[in-house]
Amino acid sequence: MSIKQTAHDFCEACDAGKGWEVCQEWCTPDATFSVQADALAEIKTLAEYTEWAKGLLTPMPDAHAEFKSLTVDEDASRAILFAVFHGTHTVDAGNGAPTGKTVASDYVYVLDFDGGKIRHMTKVWNDVHALTQVGWM
C-alpha cells in the first residue's frame, strides 16, 4: 500500500472515531504524537490520540472531517493532510449541557512513516479557536 493510501485510510478512520483498535493497522505499535495545543498537551502516543478523537463523537455525534488536501513527500517518507473538523455540541458527555454551537476548525496532520507504517503524527491545530467556537471556552 502506498504512503498516500495509508495516510488517507488512517486519517479517515481516526477522524471517524474508529479508535486505536482500528487505526493501529496503519501504525507502528509505539507510534508517537505531538501538538502545540493545551487541549491535547497530555497526549503523547497515536493510540491515545485516536481514542481522544473517538471521544469527540460522544458530545458531537454529527462530527466529521472534510479532507481538503493530501500531499506526499516520498523522499522524506511523509504525508501531510489538511482538513476541516465540523461538529455541533448536541449531547451532554458529562462535562455540561449541550451548547448547540457548531465548530469548523482547520487542522493539519503531518505523518512520518517507517517501513510503510505511521511512526509519528504531528497535529497543527488552534485549540483555543476551536473550543471557543463550540462554546467550551
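Residues numbered from 1 in each chain as written. Predicted model: local features only at pLDDT ≥ 70, side-chain atom pairs only at ≥ 80, totals over all residues. Heavy atoms only, no water.

1. Some points on the layout of surface pockets
Empty space among the atoms becomes visible once a probe the size of a water molecule is rolled across them. Selection rule: Think of a 1 Å grid over the protein atoms and nothing else: a 1.4 Å probe that fits but is trapped marks a cavity, an open set flanked by protein within 12 Å on at least five of seven lines marks a pocket, and residues with an atom within 4 Å of a point count as lining. Grid points are joined across faces, edges and corners, and a volume is the space filled by probe spheres set on the points. The numbering of helices and of strands both runs from the N terminus, where a helix is a DSSP run of H or I of at least 4 residues and a strand a run of E of at least 2. Classes in brief: Ala, Val, Leu, Ile, Met, Phe, Trp, Tyr, Cys and Pro nonpolar; Asp, Glu, Lys and Arg charged; the others, Gly included, polar.
The space that makes up the largest pocket amounts to roughly 240 Å³. Taken together, 19 residues make up the lining of the largest pocket; nearest its centre are W52, L56, M60, F85 and W125. Every element with two or more residues in the lining of the largest pocket is listed here: helix 1 (3-15), helix 3 (46-55), strand 4 (102-114), strand 5 (117-125) and helix 4 (127-133). No other element matches strand 4, which puts four residues into the lining of the largest pocket. For the lining of the largest pocket, the class distribution of residues is 16 nonpolar, one polar and two charged.

2. A look at helix 1
Turn by turn, an α-helix covers 3.6 residues, leaving residues three or four places apart pointing in a common direction. Quick reminder of the rule: Helix span is expected to be 1.5 Å times the residue number reduced by one. The cut-offs for exposure are 20% and 50% of the maximum accessible area for each residue type, with area from a 1.4 Å probe on protein chains only; residues under the lower value are buried, those over the upper are exposed, and the others partly exposed.
Helix length check: helix 1, at 13 residues, gives a terminal C-alpha distance of 18 Å against a target of 18 Å (1.5 Å per residue), a fit within 8%. The complete set of buried residues in helix 1 reads I3, T6, A7, D9, F10, C11, A13, C14 and D15. Following helix 1 by one or two positions, G17 has its phi on the positive side, about 80°.

3. Here's the deal with the packing of aromatic side chains
This is how the line gets drawn: Any two rings among Phe, Tyr and Trp, with Trp reduced to its six-membered ring, count as a pair given centres within 6.5 Å; such a pair is stacked if its planes are under 30 degrees apart, edge-to-face if over 60, and tilted if neither. Two limits define a charge over a ring: the Lys NZ or Arg CZ must be within 6 Å of the ring centre, and within 35 degrees of the ring normal.
Enumeration according to the criterion identifies five aromatic pairs in this entry. A ring pair is formed by F33 and Y49, whose centres lie 4.5 Å apart and whose planes are at 10°; its orientation type is stacked. Pair noted here: F33 is in strand 1 (residues 27-35) and Y49 is in helix 3, with a separation of 16 residues, a long-range link. Assigned by exposure class, F33 and Y49 land together as buried. Among the aromatic residues, those joined into a ring-pair cluster are F33, Y49, W52, Y107, Y109 and W125. Against the face of Y107 rests K123, its NZ or CZ located 5.0 Å from the ring centre. The aromatic ring of W125 is capped on one face by K123, whose charged end is 4.5 Å from the ring centroid.

4. A word on the nonpolar core
Nonpolar side chains tend to gather and get buried jointly when the protein is soluble and globular. Rules: Think of a nonpolar core as a cluster: buried Ala, Val, Leu, Ile, Met, Phe, Trp, Tyr and Cys residues, connected wherever their side-chain atoms sit within 4.5 Å. Contact criterion: two residues are considered in contact whenever any of their non-hydrogen atoms come within 4.5 Å of each other.
Ranked by internal contacts, the top residues of the largest apolar core, which has 37 residues, are F10, L46, Y49, Y109 and L111. Residue assignment for this core shows that the elements contributing at least two residues are helix 1, helix 2 (19-23), strand 1, helix 3, strand 3 (78-88), strand 4 and strand 5. Not counting residues up to four positions away in its chain, the partners in contact with Y109 are C11, C14, D15, Y49, A79, I80, L81, M121, T122 and K123.

5. Examining the sheet that holds strand 2 (residues 64-73)
Convention followed: DSSP-based pairing: two strands are paired if at least 2 bridges between them are found. Helix axes are fitted only over the stretch in contact, all axes being lines through C-alpha atoms; the angle between N-to-C directions runs from 0 to 180 degrees.
With respect to topology, five strands assemble into an open sheet ordered 1-5-4-3-2, the strand pairing being mixed. Each edge of the sheet is formed by a strand with only one pairing partner; in this case those strands are strand 1 and strand 2. Adjacent strand axes in the sheet meet at a mean angle of 20°, parallel and antiparallel pairs treated alike. Across 11 bridges, strand 3 lies against strand 4 in antiparallel orientation. From the neighbouring strand, H86 faces strand 4, where its bridge partner is A104. In the packing of helix 3 onto the sheet, contacts are made with strand 1, strand 4 and strand 5, and the angle to strand 5 comes to roughly 55°.

6. Overview of the pattern of salt bridges
Let me state the cut-off plainly: Criterion for a salt bridge: a side-chain nitrogen of Lys or Arg within 4 Å of a carboxyl oxygen of Asp or Glu.
Evaluated as defined, the whole model comprises two salt bridges. The salt bridge involving E66 is made with K68; its shortest N-O contact spans 3.0 Å. A relative accessible area of 47% means that K68 is categorised as partly exposed. In this structure, D112 engages R78 in a salt bridge whose closest nitrogen and oxygen atoms are separated by 2.5 Å. Of this pair, D112 sits in strand 4 while R78 is found in strand 3, placing the two residues 34 residues apart along the sequence.

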